[in-house]
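Report on the structure
Below are the chains, spelled out letter by letter.
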Amino acid sequence: MSDNGFSEVTAPPFMQPVILNILSVDDDEIDRLRLKKLCRKAGMEAEFFEAANLDEMRRQLDQEQYDLVFLDHNLGMDTGLDALKLLLTHEDQVQAVPIMLTSVTSYQTAVEAMRRGCADYIVKEELSVDALIKSIASAIERRALYGQLSSARASEKELKRIFQRFIVGCGPDLRLLLSRTLAGVRVVKSQARQDDSVSPSVLADVTMLERSCKDLVAFMDDLDSVIDDTREVTARVSPNLLQ
């Protein structure tokens, strides 16, 4: 136990070597000071910036890029949700991780903040070094997961666009070629059943060609199904986005 009453806590490795830019948006100077002390006690190497209202927050966002932004849920005439919107829409703060500070009685605010893109929240009455470290770790992990999911979705969309270009551009001609090839295969196999003019090696090659053509047809049918499913999902989701 140290002189200021805080227990000694070893910071996780991700907090030790990195100098973070931290912004505290809170209209209570004492609460801002307390948060700053807790960040120091958690072993975080950081530059600490403060804002008491949205106007000050806006100026700070224009001047620095932040790693962590703590948003008080109660900012006088404004709310933490207003501050969250300001942060998330700022083009220079796409990497900032927002954490909402709420009271015990404002659980619904915390839920709404998470729904709107906040990475995590801490109840002020439960704020401690341990709670701070756990919240930051959780927020960073959650933000990393969202980033991976976004990249995966972007890759999936690009892959589906490639499939669609292939189906539209090459599909009809390829299907016609496969149809003609399978028709020729049927002629050769029919002749082989009637006489011995087709050698076994040629018949084996023809059978392999037939199997490959059928596999290609099945593959193209699968691509059609993927594209059709995407159109159906888009049709269902789009109206919901407008509500």
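Residues numbered from 1 in each chain as written. Predicted model: local features only at pLDDT ≥ 70, side-chain atom pairs only at ≥ 80, totals over all residues. Heavy atoms only, no water.

Looking at the protein as a whole, the pLDDT averages 79, with 79% of positions reaching at least 70. Looking at the elements of the protein, mean pLDDT is at its lowest for helix H7 (residues 200-242), recorded as 68, and at its highest for helix H2 (residues 54-63), recorded as 95. Low confidence marks residues 233-243, where pLDDT is under 50. Its contacts with residues over four positions away, or in another chain, come to one contact. (pLDDT = per-residue confidence, 0-100. Helix = DSSP H or I, 4+ residues; strand = E, 2+ residues; numbered from the N terminus. Contact = heavy atoms within 4.5 Å.)

Using the criterion set out here, one finds one aromatic pair in the structure. Arranged with centres 5.4 Å apart and planes meeting at 80°, the rings of Phe 49 and Tyr 66 form a pair that is edge-to-face. Residue Phe 49 is located in strand E2 (residues 45-51), and its partner Tyr 66 is located in the loop between H2 and strand E3 (68-72); the two are separated by 17 residues in the primary sequence. For the pair Phe 49 and Tyr 66, one class covers both residues: buried. (Phe/Tyr/Trp six-rings, centres within 6.5 Å; stacked < 30°, edge-to-face > 60°. Buried < 20%, exposed > 50% of the residue type's maximum accessible area, 1.4 Å probe, protein only.)

So, on to the nonpolar core. Counting residues in each nonpolar core, the largest one holds 22 residues, and the members touching the most others are Ile 22, Leu 35, Cys 39, Met 44, Leu 68, Phe 70 and Leu 132. Looking at this core, the elements with two or more residues in it are strand E1 (19-25), helix H1 (29-41), E2, E3, strand E6 (97-102) and helix H5 (129-169). Element by element, the count of residues in this core is highest for H5, at five residues. If we skip the residues at most four places from it in the chain, Leu 68 touches Leu 20, Asn 21, Ile 22, Leu 23, Met 44, Val 97, Ile 99 and Ile 136. Counting 20 residues, the second-largest nonpolar core is a separate cluster that includes Met 57, Leu 81, Ala 83 and Cys 118. (Core = buried A, V, L, I, M, F, W, Y, C linked by side-chain atoms within 4.5 Å.)

Attention shifts here to the pattern of salt bridges. All told, the structure shown has nine salt bridges when counted by the stated rule. Note that Glu 112 and Arg 115 form a salt bridge whose closest N and O atoms lie 2.7 Å from each other. Residue Glu 112 and its partner Arg 115 are both found in helix H4 (residues 107-115); the two are separated by three residues, about one turn of the helix. Between Glu 210 and Lys 189 there is a salt bridge whose closest N-O contact spans 2.9 Å. Placement of the pair is Glu 210 in helix H7 and Lys 189 in helix H6 (residues 171-194), with a sequence separation of 21 residues. Here Lys 189 falls in the partly exposed class, since its relative accessible area comes to 23%. Salt bridges linked by common partners bring Asp 26, Asp 31, Asp 72 and Lys 124 together as one network. (Salt bridge = Lys/Arg side-chain N within 4 Å of Asp/Glu carboxyl O.)

Pairing is parallel in the open sheet, where five strands are placed in the order E2-E1-E3-E6-E7. The outermost strands of the open sheet, each flanked by one partner alone, are E2 and strand E7 (120-123). Sheet twist, expressed as the mean angle between neighbouring strand axes with direction ignored, is 20°. Sheet analysis places E6 next to E7, joined by four bridges and oriented parallel. Bridged to Thr 102 within E7 is Val 123. Relative to E7, H4 is tilted by about 165°, and along the sheet it contacts E6 and E7. (Pairing = 2+ DSSP bridges. Axes fitted to C-alpha atoms, helices over the stretch in contact; angles between N-to-C directions.)

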